[in-house]
Amino acid sequence: FFQKTLTAVKNWFTLFGWSKGQNPISIPYSLRRDVCKVQMTSSQETGFKQNLGKDTKTVYDMLFHLSGQLLPGITSSKSLPLDPVERMLQLHWQHSILLAFLKSRGACLPHVMPEFLLEPDDYKKWIKVQTVLKVDVKNSEILSNKHLFVLEDSIFETMSKRAWTDVLLQIYKVFVLPRASSSNITDLFSLESLQKMPRIKTEPLSSNIYSPYERTILTWLNKHYEKNRKTVWKDCQKGEVPPMRWIVNFDQDLLDGLVLAAQLAAYCPYLIATHFVRMYTNPRTPEQFLHNCLILVNAMHAVSLAIDIKV
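To keep things clear, this report deals only with the structure shown in the data block. Predicted model, so just to flag it, every value in this text is computed and none were measured.

Side note on the environment of Ala-180
Here Ala-180 is to be found in the loop between α7 (153-176) and α8 (192-195). We classify Ala-180 as partly exposed; its relative accessible area is 23%. With 37 residues separating them along the chain, Ala-180 and Ile-217 place their C-alpha atoms 6.9 Å apart. In contact with Ala-180, other than residues within four places in its own chain, are Tyr-213, Thr-216 and Ile-217.

Here's the deal with helix α12 (residues 286-302)
For α12, built from 17 residues, the straight-helix expectation of 24 Å at 1.5 Å per residue is met to within 8% by its first-to-last C-alpha distance of 24 Å. When α12 is considered as a whole, its buried residues turn out to be Gln-288, Asn-292, Cys-293, Ile-295, Leu-296, Val-297, Ala-299 and Met-300. Contacts from the buried residues of α12 go to α10 (258-267) and α11 (271-274). Following α12 by one or two positions, Ser-304 has its phi on the positive side, about 60 degrees.

Things to note about unusual backbone geometry
Put simply, Ile-27 and Pro-28 share a cis peptide bond, and its omega is 0 degrees. We note that Ser-304 has phi near 60 degrees; this positive angle belongs to a residue other than glycine. Summarising the element assignment, Ser-304 is placed in the segment after α12.

Regarding the packing of aromatic side chains
Under the criterion given, the structure shown has 8 aromatic pairs. Taking the centre distance of 5.0 Å and the plane angle of 75 degrees together, the rings of Trp-12 and Phe-13 count as edge-to-face. Note on Phe-13: relative accessible area 2%, which makes it buried. For the pair Trp-220 and Tyr-267, a centre-to-centre distance of 6.4 Å together with 40 degrees between the ring planes defines the contact as tilted. Remark: Tyr-267 occurs in helix α10 and Trp-220 occurs in helix α9 (residues 212-232); sequence separation between them is 47 residues. Cluster of aromatic residues (ring-pair linked, three or more members): Trp-12, Phe-13, Phe-16 and Tyr-172. For the cation-ring pair, Lys-238 lies above Tyr-280, with the distance from its terminal atom to the ring centre recorded as 5.7 Å.

Conventions we followed
Residues numbered from 1 in each chain as written. Predicted model: local features only at pLDDT ≥ 70, side-chain atom pairs only at ≥ 80, totals over all residues. Heavy atoms only, no water. Helix = DSSP H or I, 4+ residues; strand = E, 2+ residues; numbered from the N terminus. Buried < 20%, exposed > 50% of the residue type's maximum accessible area, 1.4 Å probe, protein only. Contact = heavy atoms within 4.5 Å. Expected span 1.5 Å × (residues − 1). Phe/Tyr/Trp six-rings, centres within 6.5 Å; stacked < 30°, edge-to-face > 60°. Lys NZ or Arg CZ within 6 Å of the ring centre and 35° of its normal.

Next up, the structure:
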């Protein structure tokens, strides 16, 4: 389940997270690596500056694109200190600012510590520095209530992957989902068939699973399905017009492809004759579900909706 979630998150942010087209990311590797435009690297003999170039895209560029806001005190063009420990402390501070910024916008990230977003080597330096501080008598009172999670290498990688995935999911939740507006679907309320349909409440406390914005999307799915089902499948080759249904979730209710096909038909009605009339309107077997989803994905490709959804 987590791997599927990670893949979906990676695909979305690769396609839509950046200002100038696609930018392939890997979770957590590229996000941990690309933290500034100018990377400071040190070796035992000499110190040198490695310019990653203006085309290097950082998580701060992505945040600015999605939220329109810069993080206080952080610019992606700022170079990091040459000293490895100072560099690690600077990155830890930047990650702390990032998490505080997201939490201030409503992100739910109590389980993500700034050190989980570091590279493995930097995490080891962080543990080493904190351990030294803990045994320092002068700092013992300050650090007595501070939790220090010492993780093994393999467990740290798992934790880091999970932490970065959750950070991206919360970025999506607080900056992308709120764009869902109910203003452009209110005109559909006038349809007589929709007046008989149960309403999905958009009040914040009416669901402990979905946000008001997600419930706005469910309302949009319900309205387009009810409005278009008789039009899309009136000449269906594999069954009658599908019955009325109440769409209340994003998994079970979308499995047969019919609901998503109705949405696509609302905007691209020319796909009805070429694709959707061949769908099973009452699918019962796995093969029929697969058949419907093949048609749906082919229809997406036909209109260049290449969002890498697998059948």
